[in-house]
Amino acid sequence: MNPTTIDWLNALPADQANEQLRRVCGAEWWTEQMTQQRPFTDASALTAAADAAFDRMPREAWLEAFACHPRIGDINSLRMKFAGNKDWSAGEQSGAASADEQTLVRLAAGNDAYFERFGYTFIVCATGKSAAEMLAILEARLANDDESELPVAAAEQRKITHLRLEKLNTESK
């Protein structure tokens, strides 16, 4: 992230900064924490503030963040209420675009089973992963219990947020 982006984010009015940060992570609690932490001196200060906010984030905020993601491989769910998430999610999940029909069917079934088991959308940092890799991760995580899965999903959300912070720029308007 370049200094111009940091300056741009710091200069935004609070409501606009909150809106831009919500594109990065869909939890209102997190975006408010980040907006209040401004000004950021540089990219490492921004990342450190993001991580510090994540370290304090309540369960409900994690669930809100997860709900802002489309299901892996589900083209229809890429039509999201947050335009930036739609564009970024489509690129992040591009590995699912070339999946064969059987893999897509298994991903859909796995997503349904995951949601039924845990009550929230399966979250994985999909960037650079094939549909088969994401399916294997999904199927493995279905064996987790409720208590151990939330921190795994939260760690994936954190990875996604870090990638999206790098994408945040003055053209993100």
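Nothing here was measured: the structure is a model prediction, and the numbers come from that model.

Caption draft 1: Quick look at the overall build of the protein. Counting secondary structure elements, the protein contains ten helices and zero strands. In sequence order, the secondary structure elements of the protein are arranged as α-α-α-α-α-α-α-α-α-α. Here the analysis covers contacts within the protein between residues at least 6 apart in sequence; of these, 69% occur between residues at least 24 apart. If you sum the accessible surface of the protein, you get close to 8,500 Å²; carbon and sulfur atoms cover 52% of it.

Caption draft 2: Region of interest: the pattern of salt bridges. Following the criterion strictly, the structure yields eight salt bridges and no others. Between D51 and R158 there is a salt bridge whose closest N-O contact spans 3.3 Å. Within this pair, whereas D51 is found in helix α4 (residues 43-56), its partner R158 is found in helix α10 (residues 146-167), the two being separated by 107 residues in sequence. When its relative accessible area of 22% is taken as the criterion, R158 is described as partly exposed. One salt bridge connects D112 with R71, and the closest N-O pair in it is separated by 2.5 Å. Within this pair, whereas D112 is found in helix α8 (residues 101-118), its partner R71 is found in the loop between α5 (59-67) and α6 (83-92), the two being separated by 41 residues in sequence. With relative accessibility at 21%, the residue R71 sits in the partly exposed group. What you see here is one network of salt bridges that share partners, running through R22, E28 and E64.

Caption draft 3: Examining α10 more closely. Compared with the 32 Å implied by 1.5 Å per residue over 22 residues, the 32 Å span of α10 between its first and last C-alpha is a close match. Every buried residue of α10 is listed here: E149, L150, A153, A154, E156, Q157, I160, T161, R164 and L165.

Caption draft 4: Up close: helix α1 (residues 3-11). Regarding α1, the residues found buried are T5, I6, W8 and L9. With its buried residues spanning 160° around the axis, α1 presents them on a single face. Opposite its buried face, α1 presents the exposed residues P3, T4, D7 and A11, each directed more than 90 degrees away. Elements in contact with the buried residues of α1: α2 (14-24) and α4. Two or three places before T4, at the opening of α1, N2 has a side-chain oxygen 2.9 Å from that residue's backbone nitrogen.

Caption draft 5: Local environment of the packing of α4 against α10. Viewed as axis vectors pointing N to C, α4 and α10 meet at an angle of 155°, and their least axial separation amounts to 11 Å. Between α4 and α10, the interaxial angle falls into the category roughly antiparallel. Regarding α4 and α10, the two cross each other, and that crossing is right-handed. Mapping the contact onto sequence places L46, T47, A50, D51, F54 and D55 in α4 and Q157, R158, T161, H162 and L165 in α10. When grouped by side-chain class, the residues that make up the contact of α4 with α10 number four nonpolar, four polar and three charged.

Caption draft 6: The arrangement of the nonpolar core in detail. L9, W30 and M34 are the most contacted members of the largest nonpolar core, which totals 42 residues. Contributing elements (two or more residues each) for this core: α1, α2, α3 (28-37), α4, α5, α8, α9 (131-141) and α10. Residue contacts for W30: discarding those within four places in its chain leaves L21, V24, C25, A50, A53, F54, M57 and T161.

Caption draft 7: How the structure looks around the confidence of the model for the protein. Residue-level pLDDT values for the protein average 86, and 82% of them are 70 or greater. For residues 78-83, every residue scores under 50 in pLDDT, and the model assigns this stretch 14 contacts once sequence neighbours within four places are set aside.

Caption draft 8: Summary view of the packing of aromatic side chains. Tallied over the full model, the rule gives eight aromatic pairs. An angle of 45° between the planes, with centres 5.1 Å apart, marks the rings of F66 and Y120 as tilted. Remark: Y120 occurs in the loop between α8 and α9 and F66 occurs in helix α5; sequence separation between them is 54 residues. Residue class for Y120 comes out buried when judged on its relative accessible area of 4%. When the centroid spacing of 5.3 Å and the interplanar angle of 70° are considered together, the rings of Y114 and F122 count as edge-to-face. Accessibility assignment for this pair places Y114 and F122 in one class, buried. Every member of this aromatic cluster is reached through a ring pair, and the members are W30, F54, W62, F66, Y114, F118, Y120 and F122.

What counts as what
Residues numbered from 1 in each chain as written. Predicted model: local features only at pLDDT ≥ 70, side-chain atom pairs only at ≥ 80, totals over all residues. Heavy atoms only, no water. Helix = DSSP H or I, 4+ residues; strand = E, 2+ residues; numbered from the N terminus. Contact = heavy atoms within 4.5 Å. Areas by Shrake-Rupley, 256 points an atom, 1.4 Å probe, with all protein chains shown as cover. Salt bridge = Lys/Arg side-chain N within 4 Å of Asp/Glu carboxyl O. Buried < 20%, exposed > 50% of the residue type's maximum accessible area, 1.4 Å probe, protein only. Expected span 1.5 Å × (residues − 1). Arc of directions from axis to C-beta. Polar contact = N/O pair within 3.5 Å; in protein donor to acceptor, adjacent residues only side chain to side chain. Axes fitted to C-alpha atoms, helices over the stretch in contact; angles between N-to-C directions. Parallel < 35°, antiparallel > 145°, perpendicular 65-115°, else oblique. Left-handed = near helix turned anticlockwise from the far one by under 90°. Nonpolar A, V, L, I, M, F, W, Y, C, P; charged D, E, K, R; others polar. Core = buried A, V, L, I, M, F, W, Y, C linked by side-chain atoms within 4.5 Å. pLDDT = per-residue confidence, 0-100. Phe/Tyr/Trp six-rings, centres within 6.5 Å; stacked < 30°, edge-to-face > 60°.

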